[in-house]
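Spelled out, the chains give:
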Amino acid sequence: MTLLGHLTGASDGRLGMAPDLHESLTKSDQFEARVLGLIDSHIAHNGLDAPPARLPARRDGYDQPIITELDVQEAGITTVIWAAGYNFDFSLVKLAVTDSDGFPLQQRGVTAYSGLYFVGMPWLHTQKSGLLLGVGDDAAFIAGHIAGDEQSEEQYGNRMSNQNEQSE
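A quick note: this is a predicted structure, and the numbers were derived from the prediction, not measured. (Residues numbered from 1 in each chain as written. Predicted model: local features only at pLDDT ≥ 70, side-chain atom pairs only at ≥ 80, totals over all residues. Heavy atoms only, no water.)

Draft legend 1. Spotlight on the overall build of the protein chain. Summing up its helical and strand segments, the protein chain has four helices and five strands in all. Looking at the protein chain as a whole, 24% of its 168 residues are labelled buried. When contacts within the protein chain are restricted to residue pairs at least 6 apart in sequence, those whose partners lie at least 24 apart make up 43%. Accessible area for the protein chain stands at about 11,900 Å²; split by element, carbon and sulfur atoms hold 53% of it. (Helix = DSSP H or I, 4+ residues; strand = E, 2+ residues; numbered from the N terminus. Buried < 20%, exposed > 50% of the residue type's maximum accessible area, 1.4 Å probe, protein only. Contact = heavy atoms within 4.5 Å. Areas by Shrake-Rupley, 256 points an atom, 1.4 Å probe, with all protein chains shown as cover.)

Quick look at the structure:
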């Protein structure tokens with residue numbers, strides 16, 4: 001996997017990225033520390049017996065070279081997974097891929113365009129699709145779809161059926 005800054009544009013088979021990888025990694029690390037601090041505070045406040053969180057010292061991402069332009073074909077990129085974060089902005093996708101409300105036209109994240117998928121959006125497939133708790137299930141389905149692995153998709157469907165039966 002190659003870590004990159006945020007996408008700034010795409011044209012003629014080339015992607016442009018901002019040179020902000022290290023800043024993004026720092027913000028992610030700070031967010032993780034804040035969340036773990038909140039969890040530890042909750043544990044302490046409620047007198048729960050749990051070990052304190054220990055943040056691993058991850059530095060390998062900071063050793064990555066800063067890449068600001070990438071040739072899609074040269075890099076062997078055949079699939080784009082659009083991770084929109086908390087704000088939806090699909091303006092860089094120059095395809096007729098959204099409905100009149102601006103929401104992507106898709107089935108379980110799969111669009112009509114080969115290699116273009118969406119995950120992490122509310123109600124993409126289930127109520128938890130837009131949450132960290134649920135995005136993994138959707139991502140696993142998409143990964144199975146990309147790999148052409150019908151068995152993975154079927155196993156995911158069986159797992160969801162089992163979970164629904166247990167919760168009833």
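After that view, the rundown keeps rolling.
Draft legend 2. Helix 1 (residues 21-45), seen in detail. The end-to-end C-alpha distance of helix 1, which contains 25 residues, comes to 36 Å, matching closely the 36 Å that a straight helix rising 1.5 Å per residue would cover. Downstream of helix 1 by one or two residues, G47 has phi in the positive range, about 65°. (Expected span 1.5 Å × (residues − 1).)

Draft legend 3. Fine view of the nonpolar core. If you look at the biggest cluster of nonpolar residues, it comprises seven residues: F90, V93, V97, L116, F118, M121 and L124. Those residues in contact with V97 that lie beyond four places of it in its chain are F103, P104, L105, T111, Y113, L116 and F118. Membership of the second largest hydrophobic core comes to five residues, among which are Y117, V119, F141 and I142. (Core = buried A, V, L, I, M, F, W, Y, C linked by side-chain atoms within 4.5 Å.)

Draft legend 4. Focus on the pattern of salt bridges. Considering all chains together, one arrives at three salt bridges under this definition. For E69, the salt bridge goes to R14, with nearest N and O atoms at 2.7 Å. Of the two residues, E69 is situated in strand 3 (residues 69-71) and R14 in strand 2 (residues 14-17); the sequence distance between them amounts to 55 residues. Here K128 ties to D137 by a salt bridge, and the two come within 3.3 Å at their closest N and O atoms. Looking at D137, the relative accessible area reads 15%, which means it is buried. What you see here is one network of salt bridges that share partners, running through R14, E69 and D71. (Salt bridge = Lys/Arg side-chain N within 4 Å of Asp/Glu carboxyl O.)

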